[in-house]
Amino acid sequence: MNLAYIPSPSTGVIELGPIPLRGYAFCIIIGVFVAVWFGNKRWVARGGTAGTVADIAVWAVPFGLVGGRLYHVITDYQLYFSDGENWVDAFKIWQGGLGIWGAVALGAVGAWIGCRRRGIPLPAWADALAPGIAFAQAIGRWGNWFNQELYGKQTDLPWAVKISEGANRVAGTYHPTFLYESLWCVGVALLVIWADRRFKLGHGRAFALYVAAYCAGRGWIEYLRVDEAHHVLGLRLNVWTAIVVFVLAVVYMIVSAKLRPGREEIVEPAAVEAPKDGAADADGEDGKDGTASEGSTDATDPTGSTDSSDAEGSTDAEDTKTSVPDAAGAGAKEPGDDAGATPQKAEKS
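The model shown is predicted, which means the values in this text are computed figures rather than measured ones.

Parameters at a glance
- Throughout this description, residue numbers start from 1 for each chain and increase along the sequence as written.
- This being a predicted model, a pLDDT of at least 70 is required before a residue's local features are given, and a value of 80 or more before pairs of side-chain atoms are given or counted; all residues contribute to the totals for chains, interfaces and linings.
- Only hydrogens and water are set aside when side-chain values are computed; all heavy atoms of the structure are taken into account.
- Only runs of H or I of at least four residues qualify as helices and only runs of E of at least two qualify as strands under DSSP, and these elements are numbered from the N terminus.
- Three exposure classes are used, based on accessible area relative to the maximum for each residue type with a 1.4 Å probe and protein chains only: buried under 20%, partly exposed in between, and exposed over 50%.
- All accessible-area figures derive from a Shrake-Rupley calculation using a 1.4 Å probe, and residue coverage is judged against the displayed protein chains alone.
- To form a nonpolar core, buried Ala, Val, Leu, Ile, Met, Phe, Trp, Tyr and Cys residues must be joined to one another through side-chain atoms within 4.5 Å.
- The contact criterion used throughout is that any non-hydrogen atoms of two residues lie within 4.5 Å.
- In summary, the pairing rule links any two rings of Phe, Tyr or Trp, Trp by its six-membered ring, whose centres are within 6.5 Å, and it sorts them by plane angle into stacked for under 30 degrees, edge-to-face for over 60 and tilted for everything else.
- When DSSP locates at least two bridges between a pair of strands, those strands are taken to pair.
- Under the convention used throughout, the expected extent of a helix is 1.5 Å for every residue step, that is, one less than its residue count.
- Axes here refer to lines fitted to C-alpha atoms; in helices the fit is confined to the stretch in contact. Angles between the N-to-C directions go from 0 to 180 degrees.
- We call two directions roughly parallel when the angle between them is under 35 degrees, roughly antiparallel when it is over 145, roughly perpendicular when it lies between 65 and 115, and oblique otherwise.
- By convention, the crossing between two helices is left-handed when the near helix turns anticlockwise from the far helix through less than a right angle, and right-handed when the turn is clockwise.
- Only Asp, Glu, Lys and Arg are considered charged in this grouping, and only Ala, Val, Leu, Ile, Met, Phe, Trp, Tyr, Cys and Pro are considered nonpolar; every other residue, Gly among them, is considered polar.
- A pairing counts as a salt bridge when a side-chain nitrogen of Lys or Arg comes within 4 Å of a carboxyl oxygen of Asp or Glu.
- The charged-residue count follows a simple rule in which Lys and Arg add positive charge and Asp and Glu add negative charge, with His and chain termini not counted at all.
- In the analysis that follows, any N or O atom pair within 3.5 Å is treated as a polar contact, provided that within protein one partner can donate a hydrogen and the other can accept it, and provided that, for residues neighboring in sequence, both atoms belong to side chains.
- Confidence scores per residue from the predictor, reported as pLDDT, run from 0 to 100.

A. Molecular detail of the overall build of the chain. Counting secondary structure elements, the chain contains 10 helices and eight strands. Within the chain, buried positions represent 36% of all 349 residues. Surface exposure of the chain reaches about 20,800 Å², of which carbon and sulfur atoms provide 63%.

B. Region of the structure containing the nonpolar core. Formed by 40 residues in total, the largest nonpolar core has its most connected members in Trp43, Trp101, Trp125, Val192 and Tyr210. Contributing elements (two or more residues each) for this core: α1 (23-45), α2 (52-75), α4 (100-118), α5 (122-140), α7 (177-199), α8 (205-224) and α9 (237-259). If sequence neighbours within four positions are ignored, Trp43 has contacts with Gly48, Thr49, Thr52, Val53, Ile120, Ala124, Trp125, Ala128, Val267 and Glu268.

C. Local environment of the packing of aromatic side chains. A full pass over the atoms with the stated rule returns 12 aromatic pairs. Ring plane angle 45° and centroid distance 6.1 Å describe the contact between Trp37 and Phe38, whose orientation is recorded as tilted. Arranged with centres 5.7 Å apart and planes meeting at 80°, the rings of Trp142 and Trp145 form a pair that is edge-to-face. Here Trp145 and Trp142 lie together in helix α6 (residues 142-147), a separation of three residues that amounts to about one turn. The rings of Trp142, Trp145, Phe146 and Phe178 are connected pair by pair, giving a single aromatic cluster.

D. Highlighting the pairing of strand β1 (residues 13-16). The sheet contact formed by β1 and strand β2 (residues 19-22) spans four bridges and is antiparallel. Counted as the bridge partner of Leu16 is Ile19 from β2. The turn joining β1 and β2, which pair antiparallel and follow one another in sequence, is formed by two residues; a positive phi near 65° is taken by Gly17.

E. Examining the side chain of Arg141 more closely. Mapped onto the elements, Arg141 comes out in the loop between α5 and α6. Judged by relative accessible area, which is 12%, Arg141 ranks as buried.

F. Inspection of α7 at higher detail. Taking 1.5 Å of rise per residue, the 23 residues of α7 would be expected to cover 33 Å, and the 32 Å separating its terminal C-alpha atoms lies within 8% of that figure. At the C-terminal side of α7, Lys200 shows a positive phi close to 55°.

G. Region of interest: the packing of α7 against α8. Where α7 meets α8, the axes come as close as 9 Å, and the angle between the chain directions of the two elements is 160°. Compared by their axis directions, α7 and α8 come out roughly antiparallel. Classified by chirality, the crossing of α8 by α7 is right-handed. Between α7 and α8, the contacting residues are Thr177, Tyr180, Glu181, Trp184, Cys185, Val188, Leu191, Val192 and Ala195 on the first element and Ala206, Leu209, Tyr210, Ala213, Tyr214, Ala216, Gly217, Arg218, Trp220, Ile221 and Leu224 on the second. Tallied by class, residues from the contact of α7 with α8 come to 16 nonpolar, two polar and two charged.

H. Region of the structure containing the pattern of salt bridges. The final tally for this structure, using the stated rule, is 13 salt bridges. Between Glu181 and Arg218 there is a salt bridge; the shortest N-O distance is 4.0 Å. With Glu181 in helix α7 and Arg218 in helix α8, the pair connects residues that are 37 residues apart, well separated along the chain. Accessibility expressed as a relative area gives 3% for Glu181, which makes it buried. Glu222 is the salt-bridge partner of Arg225, the closest N and O atoms lying 3.3 Å from each other. Exposure remark for Glu222: the relative accessible area of 0% places this residue in the buried category. Counted as one network, the salt bridges with shared partners bring together Arg141, Glu181, Arg218, Glu222, Arg225, Asp227 and Arg236.

I. Broad picture of the side chain of Asp127. Within the secondary structure, Asp127 is located in helix α5. No salt bridge is formed by the buried Asp127; its nearest oppositely charged neighbour, Arg46, is found at 4.6 Å. Only 2.8 Å separates the side chain of Asp127 from the backbone nitrogen of Gly204, close enough to count as a polar contact. A polar atom in the side chain of Asp127 sits 3.4 Å from the backbone nitrogen of Arg205. Excluding residues within four positions of it along the chain, Asp127 makes contact with Arg42, Arg46, Leu201, Gly202, His203, Gly204, Arg205, Ala206 and Phe207.

J. The arrangement of the confidence of the model for the chain in detail. Of the residues in the chain, 77% reach a pLDDT of 70 or more, and the chain-wide mean stands at 81. Low pLDDT, under 50, characterises residues 282-349; the stretch is placed with 27 contacts to residues that sit more than four places away or in other chains.

This is the structure:
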């Protein structure tokens, strides 16, 4: 008898009045927020502007959800279109069933549209988001725990997950493959962060590393699962998908490193142009130099304003003749008319 195991929740739904709060949906939503938040931090560190990642995610996330669901429904069509099954269930995404391969593929299409609209390169954006996607997957996998699905073979290990009796499942303790993949995704995220800092990955190579590392783990984790799946040459379809995508990601990293070594210096042109515009305004594009803000004017100003010494009330040697009032008040005398006359000092304002 297995005395230690991971218990499964009795239900994956919490009823808040008429509103059902589903654990699977919460995990997906939290994962998306983490990916966008962390991706934004990396994007800003690369020289982009805050908010760009979220703006593009508005395109990428809906496309990714549709792509993930399509991949699941197509590869497991018997669950929805066989005799006795209700095809409407194919739209019930809250019951589980998102294929990461379709989510990334179609999500990339949405991201490409968003990047085109913002005038930024898709590979740079993908590099910034790569670790965040891995963290999002790590969180999203716990949705399978809420739904008691995608577990592995039976085991008596102390970290086995206990599954209760239900539709299409038998009570017992099984390998928690959702936990294995969650931990693996955390490791993938940390690997990408380290490699990006160490080797300055650019032009999509950080994203390719994420894809390759994830596929390497998905292959052996998929091998442990016991849920129904199509097989090709004795291997589950997702294992073959992981192998093919892993090879493509590695080839991309090698070819990209040769064709475009290094990292992009500018990832968002708008982020570079904005400071220049601000600097131009500060320098006085309207024809005034920096000293104009302090109230001083140029010496050649036609208005005849004085230089900085005038602020203290002193006069220029070449100024026009200045009238000095007679001590007796009889009239004004020119300074040069009377050798004995002493001009009065000008009052300081």
